[in-house]
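Take a look at the letters that make up each chain.
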Amino acid sequence: MKIIMLGAPGAGKGTQAKMIADKYGIPHVSTGDIFRANIKNGTQLGMEAKQYMDKGLLVPDELTVKILLDRVAQDDCKNGYVLDGFPRTIPQAEVLDKALGELGEKIDYAIDVDVPDENIVKRMGGRRACLSCGATYHIEHVPPKKEGICDVCGQELVLRDDDKPETVQNRLNVYHEQTQPLIEFYQAKGVLKTVDGTRDMKDVFAAITAILEA
Ligand code: ADP
Ligand code: AMP
């Protein structure tokens, strides 16, 4: 099963992708997590990506597509995966489509987690991230057991640089211009499913599993 999560930054793609990955035993592939791991490790890719990420801009397709194609070519992805944060542009989607087509494969579902901009701004300010293991929390909706500390790996939680209010508005503008057109792209392919992402995360997940198991 190959699944793409679509939706604005902060819509809950990562939250749902992790739940899908756990339930169906497929890897959660987040280009954002891959970039953040590279930033943390001080790699060349990380240094280049950070310049764009901190401004709320997309990392150029040339950098992004390669890391994603390398990742999904790994062994653990052979029975499927859930992509979170990729594709974010039409050219990225086209490259993915072509690469899958050459293997006789295709995306089974593109799930759009639909949340209006007003809700997004509130959510992002409350998001706390663990840069070590990629776990995500929310100070109101999903608090860690111990304030500021990751439940999974015990590292310190941070407000991501790109979740600061001045950057969130840029990210939303970029989303509407460059990423939202993917909704039509996948609709035309007959794989688009939309869920109401404003509901409680368990209800959003129930809506997604109903789609995947229909
Ligand atoms: P994305 O991967 O789309 O950027 P996240 O999954 O990281 O978004 O979610 C953004 C923030 O909103 C996180 O702090 C997360 O804990 C919280 N969140 C996710 N889904 C919901 C929901 N249905 N209701 C309330 N808060 C949510
Ligand atoms: P995310 O963790 O998915 O919110 O991604 C954080 C940031 O990483 C984005 O705002 C972009 O700067 C960058 N990024 C992640 N995935 C992509 C992608 N597919 N294309 C371009 N930039 C990306």
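All of these numbers come straight from a predicted model, not from anything done at the bench.

**Q** Please clarify how the overall build of the protein should be interpreted in this entry.
**A** When its secondary structure is counted, the protein shows nine helices and eight strands. Against the globule reference of 17 Å for 214 residues, the protein gives a C-alpha radius of gyration of 16 Å, in line with a compact fold. On the principal axes, the C-alpha backbone points of the protein span a range of 45 × 40 × 35 Å. Counting only residues that meet the buried cut, the protein has 45% of its 214 residues in that class. Restricting to contacts in the protein with at least 6 residues of sequence separation, those with at least 24 account for 69%. About 11,000 Å² of surface is accessible on the protein, with carbon and sulfur atoms providing 51% of the total. Each charge sign in the protein was given a centre, from 27 positive and 33 negative side chains, and these centres are 3 Å apart.

**Q** So what exactly am I meant to see when it comes to the sheet that holds strand 3 (residues 81–84) here?
**A** In a beta sheet, neighbouring strands are held together by backbone hydrogen bonds and run either parallel or antiparallel to one another. What the five strands build is an open sheet, ordered 2-3-1-4-8; its pairing is parallel. Each edge of the sheet is formed by a strand with only one pairing partner; in this case those strands are strand 2 (28–30) and strand 8 (192–196). On average, adjacent strands in this sheet sit at an angle of 25° to one another, irrespective of strand direction. Lying over the sheet, helix 8 (residues 181–188) contacts strand 1 (2–6), strand 4 (109–114) and strand 8, oriented at roughly 150° with respect to strand 1.

**Q** Any chance you could explain the pattern of salt bridges here in plain terms?
**A** Any two side chains of opposite charge can pair, given that their charged atoms come close. Taken as a whole, this structure holds 15 salt bridges when the rule is applied. A salt bridge links Arg127 to Asp163; the nearest nitrogen and oxygen atoms lie 2.8 Å apart. Of this pair, Arg127 sits in strand 5 (residues 127–130) while Asp163 sits in the loop between strand 7 (157–158) and helix 7 (165–179), placing them 36 residues apart in sequence. Neither Arg127 nor Asp163 differs from the other in exposure class; each is buried. For the salt bridge of Lys164 with Asp161, the shortest nitrogen-to-oxygen distance reads 3.2 Å.

**Q** What should I look at first to understand helix 4 (residues 61–72) in this one?
**A** An α-helical turn contains 3.6 residues, so a residue and the one three or four places further along point in the same direction. Taking 1.5 Å as the rise per residue, helix 4 with 12 residues should run 16 Å; its terminal C-alpha atoms sit 16 Å apart, in good agreement. All of the buried residues along helix 4 are Thr64, Val65, Ile67, Leu68, Arg71 and Val72. Buried residues belonging to helix 4 abut strand 2, helix 2 (31–40), helix 3 (44–53), strand 3 and helix 5 (90–102).

**Q** So what exactly am I meant to see when it comes to the site of ligand 2 here?
**A** The environment of ligand 2 is made up of 16 residues, and the closest members are Thr31, Arg36, Leu57, Gly85 and Gln92. Take Arg88: an N or O atom from its side chain is 2.9 Å from a nitrogen atom of ligand 2. For ligand 2, the accessible surface in isolation is 480 Å², of which the surrounding protein chains cover 96%. The element contributing the most residues to the shell around ligand 2 is helix 2, with four residues. Residues that form the shell around ligand 2 fall into these classes: six nonpolar, five polar and five charged.

**Q** Sorry if this is basic, but what is going on with unusual backbone geometry here?
**A** Outside of glycine, negative phi angles account for most residues, and trans bonds account for most peptide bonds. Looking along the chain, the bond that leaves Phe86 and enters Pro87 is cis, with omega of -5°. Mapped onto the elements of the fold, Pro87 is located in the loop between strand 3 and helix 5.

**Q** What am I meant to see in the sheet that holds strand 7 here?
**A** Pairing within the open sheet is antiparallel, and its three strands lie in the order 6-5-7. Looking at which strands have only one partner, the edges of the open sheet turn out to be strand 6 (136–138) and strand 7. Pairing of strand 5 with strand 6, which is carried by three bridges, proceeds in the antiparallel orientation. Within the sheet, the bridge partner assigned to Ala129 lies in strand 6 and is Thr136. Seen against the sheet, helix 6 (residues 117–126) touches strand 5 and strand 6 and runs at an angle of roughly 45° to strand 5.

Conventions and cut-offs
Per-chain numbering applies: the sequence of each chain, read as written, is numbered from 1 onward. Chains carry letters and ligands carry numbers; both start at the beginning, A for chains and 1 for ligands, and go up in the order they are written. A pLDDT threshold of at least 70 governs which residues receive local features in this predicted model, and a stricter bar of 80 or more applies before side-chain atom pairs are shown or counted, although totals over entire chains, interfaces and linings include all residues. The side-chain quantities take in all heavy atoms of the structure and omit both hydrogens and water. Runs of H or I in DSSP of at least four residues are treated as helices and runs of E of at least two as strands, each being numbered from the N terminus. Every radius of gyration here is taken over C-alpha atoms, with the globule rule written as 2.2 Å times N^0.38, N being the number of residues. A simple rule labels every residue: compare its accessible area, found with a 1.4 Å probe on the protein chains alone, to the largest value its type can have, and call it buried under 20%, exposed over 50%, or partly exposed in between. Contact definition: two residues touch when any of their heavy atoms are within 4.5 Å. Calculation of accessible area relied on Shrake-Rupley with a 1.4 Å probe; when residues are assessed, cover is drawn exclusively from the protein chains displayed. Positive: Lys, Arg. Negative: Asp, Glu. His and the chain ends are not part of the count. Charge positions are represented by NZ for Lys, CZ for Arg, CG for Asp and CD for Glu. Pairing between strands requires that DSSP locate at least two bridges from one strand to the other. To obtain each axis, a line is fitted to C-alpha atoms, and for helices this fit is confined to the stretch in contact; angles are then taken between N-to-C directions over 0 to 180 degrees. Whenever Lys or Arg places a side-chain nitrogen within 4 Å of a carboxyl oxygen from Asp or Glu, that contact is recorded as a salt bridge. Here, expected helix span is obtained from the residue count minus one, scaled by 1.5 Å. Put simply, a residue is near a molecule or strand once any heavy atom of it comes within 4 Å of that molecule or strand. In the analysis that follows, any N or O atom pair within 3.5 Å is treated as a polar contact, provided that within protein one partner can donate a hydrogen and the other can accept it, and provided that, for residues neighboring in sequence, both atoms belong to side chains. Residues were grouped as follows: Ala, Val, Leu, Ile, Met, Phe, Trp, Tyr, Cys and Pro as nonpolar; Asp, Glu, Lys and Arg as charged; and all remaining residues, including Gly, as polar.

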